[in-house]
Amino acid sequence: MRLGLLYSGGKDSTLAAMLLDEFYDVTVMTATFEITDDWKYARETAQSMGFGFERLELDRQVAEDAVDTIRNDGFPRNGIQRVHQHALERLAESGFDAIADGTRRDDRVPTVSRAQAQSLEDRHDVDYIAPLSGFGRRAVDRLVESTLDVTVGPSEEITRADYEAELRALLAEADGRESIGSLFPAHEQTYVTGFNDR
């Protein structure tokens, strides 16, 4: 069965791809608004991990609406959640037997509720799978540490292909780079460079 996985090149989506690869023909799909070319980082990781890679084109208006939401809220949660739901819808329309993402049990954003998952499945005749939904951050970190080479650092410094990077770029373009720090809390991101030698 063919499965499309939303993929950033970070540790969660890479671990999800590894787990699913045992049972599915996995294609990792990096969602992009074409605001930046950061999708190339995910392609590099996918190639180093041996996964088939494709880009998933998203509607730029969704990114602009998400940035407006972030401005109005004063924090990114709802804007990022909106983008994730849009990406899952696009992925569900792409002809796969199953779709997946790298959301974990303790993620604050993005999340997928049971009702949202069932709605996706019913409307698109596709299976939605969240292979890390039973894993907490510590469990994921332990698995990743024993398996993958990962670069970790502040969001503004780590090259990666996730929604936040493009939303930050769009916000900086419209409001200046200084606006990012007031809306996005400082946190770390990851970028997988390949399997480790352990």
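Here, every reference points to the structure presented above.
Residues numbered from 1 in each chain as written. Predicted model: local features only at pLDDT ≥ 70, side-chain atom pairs only at ≥ 80, totals over all residues. Heavy atoms only, no water.

A.B. asks: Pulling in residues and values, what's your account of the sheet that holds strand β1 (residues 2-6)?
C.D. replies: The strand order across the open sheet built from five strands is β3-β2-β1-β4-β5, with neighbouring strands paired in parallel fashion. Both edges of this open sheet fall to β3 (52-57) and β5 (127-129), since each of them pairs with a single strand only. Within this sheet the neighbouring strands show an average axis-to-axis angle of 30°, counted without direction. Helix α4 (residues 77-92) contacts β1, β2 (25-32), β3, β4 (98-100) and β5 of the sheet and is inclined by roughly 160° relative to β1. (Pairing = 2+ DSSP bridges. Helix = DSSP H or I, 4+ residues; strand = E, 2+ residues; numbered from the N terminus. Axes fitted to C-alpha atoms, helices over the stretch in contact; angles between N-to-C directions. Contact = heavy atoms within 4.5 Å.)

A.B. asks: I'd like a rundown of unusual backbone geometry, residues and numbers included.
C.D. replies: Along the chain, Val109 connects to Pro110 via a cis peptide bond; the corresponding omega equals -10°. By the secondary structure assignment, Pro110 is in the loop between β4 and α5 (114-124). Unusually for a residue other than glycine, Glu34 sits at a positive phi of about 65°. The residue Asp125 is not glycine, and still its phi comes out positive at about 50°.

A.B. asks: Now, about the environment of Thr111: what can you tell me, with residues and values included?
C.D. replies: Its location among the elements puts Thr111 in the loop between β4 and α5. Sequence spacing of Thr111 and Asp101 is ten residues, and the spatial spacing of their C-alpha atoms is 9.9 Å. The contacts of Thr111, once residues within four sequence positions are left out, are Arg77, Gln81, His84 and Gln116.

A.B. asks: Which residues make up the packing of α4 against helix α7 (residues 163-175), and what values do they have?
C.D. replies: A pair of packed helices is captured by two measures, namely the crossing angle of their axes and the spacing between those axes. In contact at an axis separation of 10 Å, α4 and α7 are set at 125° when each is read in the N-to-C sense. One finds that α4 runs oblique with respect to α7. α7 is crossed by α4, and the crossing has right-handed handedness. Within the contact between the two elements, α4 uses Ile80, Val83, His84 and Ala87 and α7 uses Tyr163, Glu164 and Leu167. Tallied by class, residues from the contact of α4 with α7 come to five nonpolar, one polar and one charged. (Parallel < 35°, antiparallel > 145°, perpendicular 65-115°, else oblique. Left-handed = near helix turned anticlockwise from the far one by under 90°. Nonpolar A, V, L, I, M, F, W, Y, C, P; charged D, E, K, R; others polar.)

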